[in-house]
Amino acid sequence: MTTPHNSAKKGDIAEKILLPGDPLRAKYIAENFLDDVKQFNTVRNMFGFTGKYKGKEVSVMGTGMGVPSIGIYSYELIHEYGVKNLIRVGSCGAYLPELELYDLVIAQAACTNSSYASQYGLNGTYSAISSWELLYKAVKIAEEKNLRHFVGNIMTSDIFYDDNPESWKKWAGMGVLAVEMESYALFCNAAKAGVNALTILTVSDSLVHQTLTTAEEREKSFTNMMEVALEI
Ligand code: HPA
């Protein structure tokens, strides 16, 4: 079965998939970290590939930016293609002063200003959390590799250019580590379907220190994040 957004056939996609936001990042990962690579999707240039890492099948596909985009792709991966372990690999903006550029953030849970969970008709606020199994493995690997990493809550925001430049400080005051734009939807889709999801992020900018990485500088820390995600 293909979908309106994915031309892969059943069986083309591995049970484990890495999900960067940028489809060219997916291509880079496939070319630099995987063997025996086959491309399974080009629809909307949202490239997807399946290959092998240390002999085991793994896929990688872009998700695009934001909740609606990852909501679509991850739903189809789970329900049409039988994917069981979904690991987002992305970048984030730090909310807390102790986070430095290139640090890893391993998301235990995600807050949001998105209405994504309203579709479930829950009588309250849903806490979107990552898979304990994937979280535990990721933290162990980061420790073994001696990588600077933080584990905790993140913010999935619908807004990149916020009309109120101070609004993030309220989330920081709740101990939220960093902001990105996709994980809440990924965690909801996974929870509803009973499969595993995790997000691993690299700090690409700091709202506290107002610092920013360049594209080339990101590559080094990006490799750390990839190695954790692939080893899980
Ligand atoms: N805001 C939202 N998403 C992000 C950011 C940010 O500052 N940095 C990386 N992803």
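Residues numbered from 1 in each chain as written. Predicted model: local features only at pLDDT ≥ 70, side-chain atom pairs only at ≥ 80, totals over all residues. Heavy atoms only, no water.

## A look at the side chain of Ser204
Next up, step 1: Looking at where Ser204 falls in the secondary structure, it is placed in strand β10 (residues 196-206).
Next up, step 2: At 2.9 Å, the side chain of Ser204 forms a polar contact with the side chain of Asp205.
Next up, step 3: Leaving out residues up to four positions away in the same chain, Ser204 has contacts with Ser91, Cys92, Leu101, Leu212, Thr213 and Arg218. (Helix = DSSP H or I, 4+ residues; strand = E, 2+ residues; numbered from the N terminus. Polar contact = N/O pair within 3.5 Å; in protein donor to acceptor, adjacent residues only side chain to side chain. Contact = heavy atoms within 4.5 Å.)

## Overview of the environment of Phe47
Next up, step 1: By the element assignment, Phe47 lies in the loop between β2 (35-41) and β3 (48-53).
Next up, step 2: A relative accessible area of 16% places Phe47 in the buried class.
Next up, step 3: Linking Phe47 and Leu19, residues 28 residues apart in sequence, is a C-alpha distance of 11 Å.
Next up, step 4: Not counting the four nearest positions on each side in its chain, Phe47 is found in contact with Pro23, Leu24, Ala26, Lys27, Gln39, Asn41, Thr42, Val60, Met61 and Gly62. (Buried < 20%, exposed > 50% of the residue type's maximum accessible area, 1.4 Å probe, protein only.)

## Re the site of the ligand
Next up, step 1: Neighbouring the ligand are Ser91, Cys92, Gly93, Phe160, Val179, Glu180, Met181, Ser204, Asp205 and Leu207.
Next up, step 2: At 3.5 Å from a nitrogen atom of the ligand is found a main-chain nitrogen or oxygen belonging to Ser91.
Next up, step 3: When the ligand sits alone it has 260 Å² of accessible area, and the protein chains cover 84% of it.
Next up, step 4: When atoms are counted within 2 Å of each cavity's grid points, the one that captures over half of the ligand is the largest pocket.
Next up, step 5: Of all elements in the fold, only β5 (85-94), β9 (178-180) and β10 reach the threshold of two or more residues within the shell around the ligand.
Next up, step 6: Broken down by element, the shell around the ligand gets its largest block of residues, 3 residues, from β5. (Near = heavy atom within 4 Å. Areas by Shrake-Rupley, 256 points an atom, 1.4 Å probe, with all protein chains shown as cover. 1 Å grid on protein atoms, 1.4 Å probe; cavity = no way out; pocket = protein on both sides within 12 Å on 5 of 7 lines; lining within 4 Å. Sits in = over half its atoms within 2 Å of the grid points.)

## As for helix α2 (residues 67-79)
Next up, step 1: Look at α2: 18 Å from first C-alpha to last across 13 residues, which is about the 18 Å you get at 1.5 Å a residue.
Next up, step 2: By the burial criterion, the buried members of α2 are Val67, Ser69, Ile70, Gly71, Tyr73, Ser74, Glu76, Leu77 and Ile78.
Next up, step 3: If you follow the buried residues of α2, they end up packed against β1 (16-19), β4 (56-61), β5, β8 (149-156) and α5 (183-193). (Expected span 1.5 Å × (residues − 1).)

## Some thoughts on helix α3 (residues 132-144)
Next up, step 1: Compared with the 18 Å implied by 1.5 Å per residue over 13 residues, the 18 Å span of α3 between its first and last C-alpha is a close match.
Next up, step 2: All of the buried residues along α3 are Leu134, Leu135, Ala138, Val139, Ile141 and Ala142. Burial along α3 is one-sided: seen end-on, the buried residues are contained in an arc of 165°. Exposed side of α3, more than 90 degrees from the buried face: Trp132, Glu143 and Glu144 are the residues found there. (Arc of directions from axis to C-beta.)

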